[in-house]
Amino acid sequence: MTAPLLSIDRLAIHVRQEGGARLKIVEDISFDIMPGQFFALIGESGSGKSMIARAIMRLMPDEVLDIEGSIRFGGHDLAHAGESILRPLRGSQFSMIFQEPMSSLDPLMTIERQLSEAVEAHGKRRGVAMRKHILDLLARVRFRNPEQILRSYPHELSGGMRQRVMIASALVNEPKLLIADEPTTALDVTIQAQVLDIIASLARDYGLSVLFISHDLSLVYENADEIAVLYGGVLMEQGAARAVIERPAHPYTSALLACVPRRRRDGARQEGIEGTVPSVSDWRPGCRFAARCAYRQPQCTEGDIAFRMLEDRRVRCVAPLLEGMPA
Amino acid sequence: MSATLDEIAGTFATESPLLVAKGVTKSFWGRTGLFKPRAENRALDDVSVTLREGEILGLVGESGCGKSTFAKVMIGLEKADSGTLDLGERRIFAPGERALPPAERGIQMVFQDPYGSLNPRMNVHSILAEGLRIRGELKAAEISAEVRRHLELVGLGPDSLTKYPHQFSGGQRQRLCIARAIITRPRLLIADEAASALDVSVQMQILNLLLDLRDRMGLAIIFISHDMAVIEYLCDRIAVMYRGRIVETGGAAAVVDHPRHPYTERLIAARPRVGRRRTQRQEQDAESMEAPLAPGASRCVYVERCPRASEICHTEAPPMEQRAGTAFACFHPLEDRGDPRPLA
């Protein structure tokens, strides 16, 4: 069995709230990402999904007080490594793309200048070899005319083109892991499908591992190998994409799937989920989803619930749905 | 149910429609560079739409297609260059006539961002009462009763009355926006991406609320979205917009099951769907940097991206053609899905 590329073990993140109170916004997060795996981390607002991504990059906002647990990657513990260890790893071993590509590009520099700078920062290539490498990458993210893109400034490109440039930029030093935080959310649907397809084919054809973060379960279903579902700062369910979608074990996963709109037959409605996503300050002991769960039982709110193995996946629920709902 | 909706789709309507927009055109003038001359960018080009009472029309298209401009023209935030708009017996605007002021149009709108649409310094009672107060038709006690009634209608309790917008979640704020929009009894509600910014688990609540309001009040709704899945759930009819023109319109089920225009087909194929895995997509660099469409250009608006484009598509604008409950503007329409008519 191959070793995981990234191994997160009991990760917890504490932040300082306005007024000075200390809050644990993410806890008991453990998962592995294998080489070449497309790993989807799904969560709604406030679930902590972006915080986990930033913890791996160790690009944390100021209000983060400390990180517990470990993030093992290539012999290092990223959760506690110093900046001198992290700096050479960022970009060359793992890199990240964000929702809004325009804010990650310098408006005054040509695409060639920006991509070259990223290569030079790690000093692996220069001159003609560097240029050829960059052109190859731009072709790989499906630009028809890479030369023309190199001469362009960011404002001359559309949103989807900018995001493809960002993907190329993230891959320019051949990292092993790409973290993509809602990279298609700001894009038009037809372009969204294309960008997603490009990322998936990079995983499939070049062995790149992808941590894809999204709020939309239906978006990743086509491409993900593994899906982890996050709610209220903890993992609710994790398993092979097909298993999780076709036979969800956690009532939250199942309810999320039921929220994907379909055609109404004879005027029948889909229910959605009652209530709203709780904010951190409203988290209560026990299952974070209990207040909205249709299968709630007394023991759901009694104390911590373990993330345990159940058949082919892991689930955090006292009464998981053994018979999954039809997807 | 869907069969009857198909029959009355598009211009097949037998009973007189509530909303009739005819030939609405709107251009913006702007420079593409500091030293370049100002150029005309036609945001709406001859847009015609009809809507019956209690009907929900999905206006679908991608960013920049003109769907939001059309909404703004209807409620009066922008002025149309030409075209007419009638709502029931009310003439909203027409060439050579004075346009009806926004407050008298009977059209209200809900926006994508409920955070930005509510005044943070006003409590819920003031927010909802404002529109009625300005009209000055009701006494204070009557206004308060209306406020309570509409809060309940959107599923919020009377304890909300003294609260401020920041005390609500995103979904609840969108309910407030909807309550504020319907309290003045509009005949048409325009919802511009009204569910897109919400959590997936909350989105369905808002969609169902819109369905309730339609059922209870007979409200006509134009739901603007880029999301085909949401459109299919909510809407009776669909109008697909591309670069300022309506390229296809018809009953929702008919359009989704048998898209005729290649752009509609592309939109439907791009929709993520649970239950489908790793289908081979068309590998193409779909994005070209499109110049603003020259006014009166005689060609198809989709010609640059269309895999079916032929010579005529470059030299003539396709007229609207009707077939089996849908109307579309294409010289090479798809017959049925996966069974395209040979290219001319």
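Residues numbered from 1 in each chain as written. Chains lettered and ligands numbered in written order. Predicted model: local features only at pLDDT ≥ 70, side-chain atom pairs only at ≥ 80, totals over all residues. Heavy atoms only, no water.

### Digging into the overall build of chain A
Now for step 1: On a plain count of helices and strands, chain A comes out with ten helices and twelve strands.
Now for step 2: A compact globule built from 327 residues should have a C-alpha radius of gyration of about 20 Å, and chain A, at 21 Å, falls within 12% of that.
Now for step 3: With respect to the three principal axes, the spread of C-alpha positions in chain A is 65 × 55 × 45 Å.
Now for step 4: Scored against the burial criterion, the 327 residues of chain A give a buried share of 57%.
Now for step 5: Pairs at least 24 residues apart make up 66% of the contacts formed inside chain A by residues separated by at least 6 positions. (Helix = DSSP H or I, 4+ residues; strand = E, 2+ residues; numbered from the N terminus. Rg over C-alpha atoms; globule rule 2.2 N^0.38 Å. Buried < 20%, exposed > 50% of the residue type's maximum accessible area, 1.4 Å probe, protein only. Contact = heavy atoms within 4.5 Å.)

### So, the overall build of chain B
Now for step 1: In terms of helices and strands, chain B carries ten helices and twelve strands.
Now for step 2: Relative to its full complement of 344 residues, chain B shows a buried share of 56%.
Now for step 3: Long-range contacts, defined as pairs at least 24 residues apart, comprise 65% of the intrachain contacts of chain B with a sequence gap of at least 6.
Now for step 4: When the accessible surface of chain B is split by element, carbon and sulfur atoms take 50% of a total near 15200 Å². (Areas by Shrake-Rupley, 256 points an atom, 1.4 Å probe, with all protein chains shown as cover.)

### Regarding the interface of chain B and chain A
Now for step 1: In this assembly, 44 residues from chain B lie in contact with 52 residues from chain A.
Now for step 2: Taken together, the two surfaces of chain B and chain A that pack against each other cover about 4400 Å², and 48% of this comes from carbon and sulfur.
Now for step 3: Taken together, chain B and chain A are joined by four salt bridges.
Now for step 4: A salt bridge links Arg263(A) to Asp257(B), with the shortest nitrogen-to-oxygen separation between them at 2.8 Å.
Now for step 5: Where chain B meets chain A, there are 18 residue pairs in polar contact (both at pLDDT 80 or more).
Now for step 6: Counting only elements with at least two residues in the side of chain B that touches chain A, the list comes to helix 6 (200–217), helix 7 (228–234), helix 8 (252–257) and helix 9 (262–270) of chain B.
Now for step 7: For the side of chain B that touches chain A, the per-class residue count stands at 17 nonpolar, ten polar and 17 charged. (Buried area = accessible area lost by both parts, 1.4 Å probe. Salt bridge = Lys/Arg side-chain N within 4 Å of Asp/Glu carboxyl O. Polar contact = N/O pair within 3.5 Å; in protein donor to acceptor, adjacent residues only side chain to side chain. Nonpolar A, V, L, I, M, F, W, Y, C, P; charged D, E, K, R; others polar.)

### Section: the domain arrangement of chain B
All names here are of chain B.
Now for step 1: By the assigned domains, chain B splits into domain 1 (1–31 + 39–106 + 187–271 + 288–344) and domain 2 (118–185).
Now for step 2: With 14 residues of domain 1 at the interface, the matching set in domain 2 holds eleven residues.
Now for step 3: Carbon and sulfur atoms make up 72% of the surface buried where domain 1 meets domain 2, a total of about 1000 Å² over both sides.
Now for step 4: The largest per-residue losses of area from domain 1 upon contact with domain 2 belong to Ile-206, Leu-209 and Met-217, which jointly make up 36% of the total buried on that side.
Now for step 5: In this structure, the connection of domain 1 to domain 2 is made through zero salt bridges.
Now for step 6: Across the contact surface, domain 1 and domain 2 share three residue pairs in polar contact (both at pLDDT 80 or more).
Now for step 7: Residues that form the side of domain 1 that touches domain 2 fall into these classes: eleven nonpolar, one polar and two charged. (Domains from an automatic or database assignment.)

### A word on the nonpolar core
Now for step 1: Core analysis: the biggest nonpolar cluster contains 66 residues, and Leu138(A), Ile199(A), Phe212(A), Ile227(A) and Phe289(A) have the highest contact counts within it.
Now for step 2: The leading source of residues in this core is helix 7 (residues 189–206) of chain A, at eight residues.
Now for step 3: If we skip the residues at most four places from it in the chain, Ile227(A) touches Ala40(A), Ile42(A), Leu217(A), Val220(A), Glu237(A), Gln238(A), Gly239(A), Ala241(A), Val244(A) and Ile245(A).
Now for step 4: Among the nonpolar cores identified, the runner-up in size contains 63 residues, and Val189(A), Leu207(B), Leu211(B) and Val256(B) belong to it. (Core = buried A, V, L, I, M, F, W, Y, C linked by side-chain atoms within 4.5 Å.)

### Digging into the pattern of salt bridges
Now for step 1: Counting across every chain of the model gives 39 salt bridges over all chains.
Now for step 2: With its nearest N and O atoms 3.1 Å apart, the salt bridge here joins Arg131(A) to Glu147(A). You can see Arg131(A) sitting in helix 4 (residues 127–140) and its partner Glu147(A) sitting in helix 5 (residues 146–151), a full 16 residues away along the chain.
Now for step 3: The exposure class of Glu147(A) is partly exposed, given its relative accessible area of 32%.
Now for step 4: Of the charged contacts in the structure, one is a salt bridge between Glu97(B) and Arg91(B), with a shortest N-O distance of 3.3 Å.
Now for step 5: The exposure class assigned to Glu97(B) is partly exposed, which follows from its relative accessible area of 44%.
Now for step 6: With relative accessibility at 36%, the residue Arg91(B) sits in the partly exposed group.

### Some remarks on the environment of Ile273(A)
Now for step 1: Examined against the element boundaries, Ile273(A) turns out to sit in the loop between helix 10 (251–258) and strand 11 (308–310).
Now for step 2: Judged by its relative accessible area of 2%, Ile273(A) falls in the buried class.
Now for step 3: Separated by 20 residues in sequence, Ile273(A) and Cys293(A) place their C-alpha atoms 8.2 Å apart.
Now for step 4: Not counting residues up to four positions away in its chain, the partners in contact with Ile273(A) are Tyr252(A), Ala255(A), Leu256(A), Cys259(A), Phe289(A), Arg292(A), Ser201(B) and Gln205(B).

### What about helix 6 of chain B?
All names here are of chain B.
Now for step 1: Under the 1.5 Å per step criterion, the end-to-end length of helix 6 is 26 Å for 18 residues, consistent within 8% with the ideal 26 Å.
Now for step 2: Taken across its 18 residues, helix 6 has 14 buried, putting it largely inside the fold.
Now for step 3: Downstream of helix 6 by a residue or two, Gly-218 has a phi angle that is positive, lying close to 70°. (Expected span 1.5 Å × (residues − 1).)

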